[in-house]
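Chain by chain, the residues run as shown.
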Amino acid sequence: MAVNQREGEGIGQALVLGGGGIAGIAWMTGLLAGLTDAGQDVTCADLVIGTSAGSVVAAQLGSGLPLEDLYARQVDPALQSAEIPADIDMERFGAQWAEFMAGATTLEERLRAGGKFALAAETVPEDRRRAVIASRLPLHDWPSRDVRLTAVDCESGVLEVFTAASGVSLIDAVAASCAVPGIWPPVTIGGRRYMDGGTRSMDNADLAAGAARILVLSPFGTSAEIPTPMPLSEVIAKLRDGGSRVTLIEPDEPSKAAMSANPLDPATRLPAATAGRAQGRTGVPL
């Protein structure tokens, strides 16, 4: 779909959930639980935008499962999803990504270059990765609320925003949004191949433009090691210039330590969720 820069027009509150791997899913879930503990339940936003890890959390929030149960799925080994271990050096990955995008002048040119990287990589089979995504989701039907999940077409470099009206299964939409180039296989939907929505922006917060209040939960924050065509600090400045009240929450120091250097490590779930909940319990000005 073409991206309308006033996607959030007329919406009261938007919740933006950014990318951050398995650790990011756990941290955001813990953070939301901690905010609720502090009397700041923000899970009932009018619009929820999910990118990569954020797409998982968005789908989980829309499942109807209580937040306490979602938190338990992060910290209780008996309830945790079945994951495929993956090792990623964020600094090296960022350098590789920058190399592929070198020489491209437009946003879509840069993303098409990244798409080539994604399509050429040797990864696990697509169906095996899809099974992992399915195990993360308590419910496989689209939420009744306004949930929008981002992915990027590998060949065209165009952003796709999947919704319940897209005619795409929730599992496929989340899998596409989480398809980290070079790590996980691009996802086939309608004959097209899609990669992680975080290749455009780790948060895609610009899609909330026009909403009166925007809360951004960003596991990588404003200092992400992966180069992005749309730096979060610049996007937030534009949103504020457009009249939106924007609150950004990024990991505090204990949360950063808990999320470790490899956010794709399943072992980060318990410490990241626990640290996120502790951070959330301190509250935040909204």
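Refer to the structure above for everything that follows.
No experiment lies behind these values; they were computed from the predicted model shown.

**Here's the deal with the environment of Ser244**
- With respect to the helices, strands and loops of the structure, Ser244 is situated in the loop between α8 (232-241) and β8 (245-249).
- Ser244 sits in the buried class, given a relative accessible area of 7%.
- A C-alpha to C-alpha distance of 4.9 Å links Ser244 and Ala212, two positions 32 residues apart in sequence.
- The contact partners of Ser244, leaving out residues within four places of it in the chain, are Gly210, Ala211, Ala212, Ile214 and Leu239.
- There is a polar contact of 2.6 Å between the side chain of Ser244 and the backbone oxygen of Ala211.

**Observations regarding the side chain of Arg277**
- Along the polypeptide, Arg277 turns up in helix α10 (residues 269-280).
- Overall, Arg277 belongs to the buried group, its relative accessible area being 8%.
- At 2.7 Å, the side chain of Arg277 and the side chain of Asp37 are in polar contact.
- A polar atom in the side chain of Arg277 sits 2.8 Å from the side chain of Glu68.
- Sequence-distant contacts of Arg277, defined by excluding residues within four places in its chain, comprise Gly30, Leu31, Ala33, Gly34, Asp37, Glu68 and Tyr71.

**Observations concerning the packing of aromatic side chains**
- Scanning the model with the defined rule gives 1 aromatic pair in all.
- Taking the centre distance of 5.5 Å and the plane angle of 75° together, the rings of Phe162 and Tyr194 count as edge-to-face. On the criterion of sequence distance, the pair formed by Phe162 in strand β4 (residues 159-162) and Tyr194 in strand β6 (residues 192-196) is long-range, its members being 32 residues apart. Tyr194 matches Phe162 in its accessibility class, with the two residues each being buried.

**Description of the nonpolar core**
- Counting residues in hydrophobic clusters, the biggest one holds 50 residues, and the most contacted among them are Leu17, Phe162, Val174 and Leu217.
- Not counting the four nearest positions on each side in its chain, Leu217 is found in contact with Leu15, Val16, Leu17, Gly18, Trp27, Met28, Leu31, Leu32, Asp203 and Ile249.
- Within the second largest apolar cluster, 25 residues are counted, among which are Val16, Ala209, Ile214 and Val246.

**Examining the environment of Arg148**
- Relative to the elements of secondary structure, Arg148 occurs in strand β3 (residues 146-153).
- Taking the C-alpha atoms as reference points, Arg148 and Gln13, 135 residues apart in sequence, are found 14 Å from one another.
- Side chain to side chain, Arg148 and Asp146 meet in a polar contact 2.7 Å long.

**Quick notes on the pattern of salt bridges**
- Summed over all chains, the structure comprises 11 salt bridges.
- A salt bridge links Arg193 to Glu126, with the shortest nitrogen-to-oxygen separation between them at 3.8 Å. Of the two residues, Arg193 sits in strand β6 while Glu126 sits in helix α6 (residues 126-136), which places them 67 residues apart along the sequence.
- Overall, the relative accessible area of 29% leaves Glu126 in the partly exposed class.
- Note that Arg130 is salt-bridged to Asp172, the shortest N-O span being 2.7 Å. Here Arg130 is found in helix α6, whereas its partner Asp172 is found in helix α7 (residues 170-177), with 42 residues between them in sequence.
- Since its relative accessible area comes to 18%, Asp172 is described here as buried.
- Counted as one network, the salt bridges with shared partners bring together Asp37, Glu68, Arg277 and Arg281.

**Examining empty space enclosed by the protein**
- With the rule as written, the count across this model stands at 2 cavities of 30 Å³ or more.
- For the second largest cavity, the calculated volume is near 100 Å³.
- For the second largest cavity, the lining is made up of 14 residues, of which Gln60, Gln74, Ser81, Glu83 and Arg136 are closest to its centre.
- Looking at the lining of the second largest cavity, the elements with two or more residues in it are α1 (21-37), α2 (53-61), α3 (67-75) and α6.
- The biggest single contributor to the lining of the second largest cavity is α1, with 3 residues.
- Residues that form the lining of the second largest cavity fall into these classes: 5 nonpolar, 5 polar and 4 charged.

**Overview of α8**
- Within α8, burial applies to Leu232, Val235, Ile236 and Leu239. Mapping the buried residues of α8 onto a view down its axis gives an arc of 100°, with all of them on the same face. Exposed side of α8, more than 90 degrees from the buried face: Lys238 and Asp241 are the residues found there.
- Looking at the packing, one finds that the buried side of α8 touches β7 (213-217) and β8.
- Once α8 finishes, Gly243 follows within two positions and takes phi at roughly 105°, a positive value.

About the cut-offs
The residue count restarts for each chain, going from 1 along the sequence in the order it is written. Only residues with pLDDT of at least 70 get local features here, since the model is predicted, and only at 80 or more are side-chain atom pairs given and counted; chain-wide, interface and lining totals rely on the full set of residues. Calculation of side-chain values draws on the structure's entire complement of heavy atoms; hydrogens and water are dropped beforehand. In this description a helix means any DSSP run of H or I spanning at least four residues, a strand means any run of E spanning at least two, and both kinds are numbered starting from the N terminus. Exposure is judged per residue with a 1.4 Å probe applied to protein chains only, and the accessible area is read against the type maximum: over 50% gives exposed, under 20% gives buried, and values in between give partly exposed. Any pair of residues with heavy atoms lying within 4.5 Å of one another is described as a contacting pair. Definition of a polar contact: a pair of N or O atoms within 3.5 Å, with one able to donate and the other able to accept a hydrogen when the atoms are protein atoms, and with sequence-neighbouring residues admitted only if both atoms are side-chain atoms. Note on aromatic contacts: the rings of Phe and Tyr and the six-membered ring of Trp form a pair at centre separations within 6.5 Å, being stacked when their planes are under 30 degrees apart, edge-to-face when over 60 apart, and tilted otherwise. Side-chain atoms within 4.5 Å link the members of a nonpolar core, which is a set of buried Ala, Val, Leu, Ile, Met, Phe, Trp, Tyr and Cys residues. Each salt bridge in this description consists of a side-chain nitrogen of Lys or Arg and a carboxyl oxygen of Asp or Glu lying within 4 Å of one another. Points on a 1 Å grid over protein atoms alone make up a cavity when a 1.4 Å probe fits among them but cannot get out, and a pocket when they form an open set with protein on both sides within 12 Å along at least five of seven lines; lining residues each have an atom within 4 Å of a point. Grid points are joined across faces, edges and corners, and a volume is the space filled by probe spheres set on the points. The nonpolar class holds Ala, Val, Leu, Ile, Met, Phe, Trp, Tyr, Cys and Pro. Asp, Glu, Lys and Arg form the charged class, and all remaining residues, Gly among them, are polar. This arc is built from the directions going out from the helix axis to the C-beta atoms.

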